[in-house]
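Residues per chain, in single letters:
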Amino acid sequence: VIYNEIIKYIKKKYSSTMVKPFKGNPNIKAFVTDKNKWYALILDVEYNKLNKDSSIESKVKIINLKHNTDHIPKIINERNIFPSYHMSKKHWISVVIDNNMDLNYLTQLIDISYNLVKK
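All values reported here derive from a predicted model rather than from experimental measurement. (Residues numbered from 1 in each chain as written. Predicted model: local features only at pLDDT ≥ 70, side-chain atom pairs only at ≥ 80, totals over all residues. Heavy atoms only, no water.)

## Looking at the overall build of the protein
- Secondary structure assignment for the protein yields four helices and six strands.
- What you see in the protein, going N to C, is helices and strands ordered as α-β-β-β-α-β-α-β-β-α.
- The globule rule puts the C-alpha radius of gyration for 119 residues at 14 Å, and the 13 Å found for the protein is close to it.
- Along the first, second and third principal axes, the C-alpha atoms of the protein reach 40 × 35 × 25 Å.
- The burial tally for the protein puts 44% of its 119 residues in the buried class.
- Once local pairs closer than 6 in sequence are excluded, the contacts in the protein between residues at least 24 apart make up 47%.
- The distance from the centre of the 20 positive side-chain charges to the centre of the 11 negative ones in the protein is 9 Å. (Helix = DSSP H or I, 4+ residues; strand = E, 2+ residues; numbered from the N terminus. Rg over C-alpha atoms; globule rule 2.2 N^0.38 Å. Buried < 20%, exposed > 50% of the residue type's maximum accessible area, 1.4 Å probe, protein only. Contact = heavy atoms within 4.5 Å. Lys, Arg positive; Asp, Glu negative; His and termini not counted. Charge placed at Lys NZ, Arg CZ, Asp CG, Glu CD.)

## Thoughts on helix α4 (residues 103–118)
- Taking 1.5 Å of rise per residue, 16 residues should cover 22 Å, and α4 covers 22 Å from first to last C-alpha, within 8% of that figure.
- Among the residues of α4, L106, T107, L109, I110, D111, S113, Y114, L116 and V117 are the ones counted as buried. (Expected span 1.5 Å × (residues − 1).)

## Considerations on the nonpolar core
- In this structure, Y39, I63, L65, V95, L106, L109 and I110 are the most contacted members of the largest nonpolar core, which totals 23 residues.
- Those elements giving two or more residues to this core turn out to be α1 (2–14), β3 (38–46), β4 (59–66), α3 (72–75), β6 (92–96) and α4.
- Residues in contact with L109, not counting those within four places in the same chain, are L65, K66, H67, I75, I81, I93, V95 and M101.
- Counting 14 residues, the second-largest nonpolar core is a separate cluster that includes A30, L43, M87 and V96. (Core = buried A, V, L, I, M, F, W, Y, C linked by side-chain atoms within 4.5 Å.)

## Considerations on the sheet that holds strand β5 (residues 81–83)
- The sheet built from six strands is open, its strands ordered β1-β2-β3-β4-β6-β5 with antiparallel pairing. A single partner strand is all that each edge strand has here, and the edge strands are β1 (17–19) and β5. Here the average twist between neighbouring strands, direction ignored, is 30°.
- Relative to β4, β3 runs antiparallel, the two being bridged by seven bridges. Paired with D44 across the two strands is K61, which belongs to β4. (Pairing = 2+ DSSP bridges. Axes fitted to C-alpha atoms, helices over the stretch in contact; angles between N-to-C directions.)

## Here's the deal with the packing of α1 against α4
- In contact at an axis separation of 11 Å, α1 and α4 are set at 40° when each is read in the N-to-C sense. As judged from the angle between their axes, α1 and α4 are oblique. Here the hand of the crossing between α1 and α4 comes out right-handed. Two secondary-structure elements touch here, α1 through I2, E5, I6, Y9, I10, K13 and Y14 and α4 through L103, L106, T107, I110, D111 and Y114.
- Residue classes in the contact of α1 with α4 are distributed as nine nonpolar, one polar and three charged. (Parallel < 35°, antiparallel > 145°, perpendicular 65-115°, else oblique. Left-handed = near helix turned anticlockwise from the far one by under 90°. Nonpolar A, V, L, I, M, F, W, Y, C, P; charged D, E, K, R; others polar.)

All quantities given are derived from atomic positions and should not be read as evidence of function.
Structure representation (structure tokens):
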């Protein structure tokens, strides 16, 4: 449910184009600015690849978002917000999209990402 809300929010607020940047994996979706820069990347990943201390191998849906470099260490919580998966950990975070994540907070993180990329 929260996944659908995120998609609706992004499309309504930013009128963004959703692209599938990797032909080999069409399930990965990226939202891009009008200058074709990614600010949100949605994909499925095994939970234990995010949380190294977990033995949970089942896949979770995540959204990779750009974030203020100085603030990243402060918001990492090892439950829903992790250092980025497959992107620069200095500039990006991975957020697990599930019912443990507050939708309002997640939309704030999306806004931050969009504004950082839009510059």
